[in-house]
Amino acid sequence: MKKVINIAGTCSGCGATFVALSLAFVMADKTDGVTFLEGRSRGEEKFHPAPFYEISLDKHIPKRRFADFYKLKSCGEKTDNRANIFANVNWAVRGPCESGNRQLDENVCPSGASDILPEDVAGKYIIWDDKNGMERADLILAVIDPLPSKVMASYEKIEEIRNYAEHKVKWLFNGGRKSDVKAAEKFLDIKADFVLPTEPAEKLYEAQKRNTFIADPANRNDKTAPQLSLLMQEKLEEIAVYIKTLY
């Protein structure tokens, strides 16, 4: 049975995509059938699809083999039998547009009808990076940045999640000091189910220079490559084990 794990960012810049990408890598290191599904909420970023660039899919999947799932859907083609396999993950994502011109690229990157939903793709575990995916989710990981300004910006979305789907949500705090997390828990009247440590920004920048992603398990064989801290690896594995045990 397909299970949809919705990674729901509670505000812009809270790190939901980073969490979704990292969890996909970690889960796929332990089980087959993991698909990362780029969310509908990324639609405004037609010319800069975040997952495509953040994990350098163009460097890992040859252009002749890369399948732009959103283009396939918009052209009426099936999306449950095309796979972008990298690091044992099926990446159901957009590809980059050709010219960067919205009008010229409308046929290349059409909008609206090309939305991909979990039922459109293959996989046992669908890691869905979509802040508005609650209605189709079996489990929601609500990502909160404990920085005070982010917590304030998240309040409305957190209330929406709490009122609509609290029975299937787990609250995940992404980074921050322990004191910030505790203060946010008190203010929001919630208890964190998972707390991820903060990874140094220089790691992310160095990974981009090397055309890799810090959660890619292949980095463990390269002692010079930026990779997840041991604590972050352990926390993500804790989440992965929880999901596998649950389903």
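Here the structure is shown first, and the text comes after it.
Computed from a predicted structure; not experimentally measured. (Residues numbered from 1 in each chain as written. Predicted model: local features only at pLDDT ≥ 70, side-chain atom pairs only at ≥ 80, totals over all residues. Heavy atoms only, no water.)

A. Quick peek at the environment of S154. By the secondary structure assignment, S154 is in helix α5 (residues 148-165). Those residues in contact with S154 that lie beyond four places of it in its chain are T10 and C11. (Helix = DSSP H or I, 4+ residues; strand = E, 2+ residues; numbered from the N terminus. Contact = heavy atoms within 4.5 Å.)

B. Representation of the pairing of strand β1 (residues 3-9) in the model. In terms of burial, β1 is a largely internal element, six of the seven residues being buried. Direction of pairing for β1 relative to strand β5 (residues 125-129): parallel, over a ladder of five bridges. Of the residues in β5, the one forming a bridge with N6 is W128. Here five bridges tie β1 to strand β6 (residues 139-144), and the two strands are oriented parallel to one another. Along β6, the bridge assignment pairs I7 with L141. (Buried < 20%, exposed > 50% of the residue type's maximum accessible area, 1.4 Å probe, protein only. Pairing = 2+ DSSP bridges.)

C. How the structure looks around the packing of α5 against helix α6 (residues 178-188). Put simply, α5 and α6 touch, their axes get as near as 11 Å, and they point 50 degrees apart. If you check the angle between α5 and α6, you find them oblique. Relative to α6, α5 is oriented so that their crossing is right-handed. Between α5, through V151, M152, Y155, I158 and R162, and α6, the contact on the second element is made entirely by A184, F187 and L188. Residues belonging to the contact of α5 with α6 are distributed by class as follows: seven nonpolar, no polar and one charged. (Axes fitted to C-alpha atoms, helices over the stretch in contact; angles between N-to-C directions. Parallel < 35°, antiparallel > 145°, perpendicular 65-115°, else oblique. Left-handed = near helix turned anticlockwise from the far one by under 90°. Nonpolar A, V, L, I, M, F, W, Y, C, P; charged D, E, K, R; others polar.)

D. Region of interest: the nonpolar core. If you look at the biggest cluster of nonpolar residues, it comprises 44 residues, and the most contacted ones within it are I7, L23, L57, W91 and I127. At 11 residues, the largest contribution of residues to this core is made by helix α1 (residues 16-28). Not counting chain neighbours up to four residues away, the residues in contact with W91 comprise L21, A24, F25, F36, I55, L57, F69, N84 and F86. Within the second largest apolar cluster, 18 residues are counted, among which are A8, I158, I190 and A192. (Core = buried A, V, L, I, M, F, W, Y, C linked by side-chain atoms within 4.5 Å.)

E. Local environment of the pattern of salt bridges. In the structure shown here, the tally under the stated rule is 16 salt bridges. A salt bridge links D80 to K78, with the nearest nitrogen and oxygen atoms 3.5 Å apart. The class for D80 is partly exposed, based on a relative accessible area of 38%. K78 sits in the exposed class, given a relative accessible area of 51%. A salt bridge links R177 to D180; its shortest N-O distance comes to 3.2 Å. We classify D180 as buried; its relative accessible area is 18%. Several salt bridges share partner residues, and in doing so they unite E119, E135 and R136 into one network. (Salt bridge = Lys/Arg side-chain N within 4 Å of Asp/Glu carboxyl O.)

F. Geometry of the environment of A218. In this structure, A218 sits in the loop between α7 (201-209) and α8 (230-246). C-alpha of A218 to C-alpha of A87: the two residues are 131 residues apart in sequence and 7.9 Å apart in space.

G. Region of the structure containing α5. For α5, which comprises 18 residues, the first-to-last C-alpha distance of 24 Å matches the rise-based estimate of 26 Å (1.5 Å per residue) to within 8%. At Y155, α5 shows its largest kink, close to 45 degrees. The set of residues buried in α5 consists of V151, S154, K157, I158, I161, R162 and A165. Considering only its buried residues, α5 is in contact with β1, β6, β7 (169-174) and α6. (Expected span 1.5 Å × (residues − 1). Bend = angle between axes of the 7 residues up to and from the residue.)

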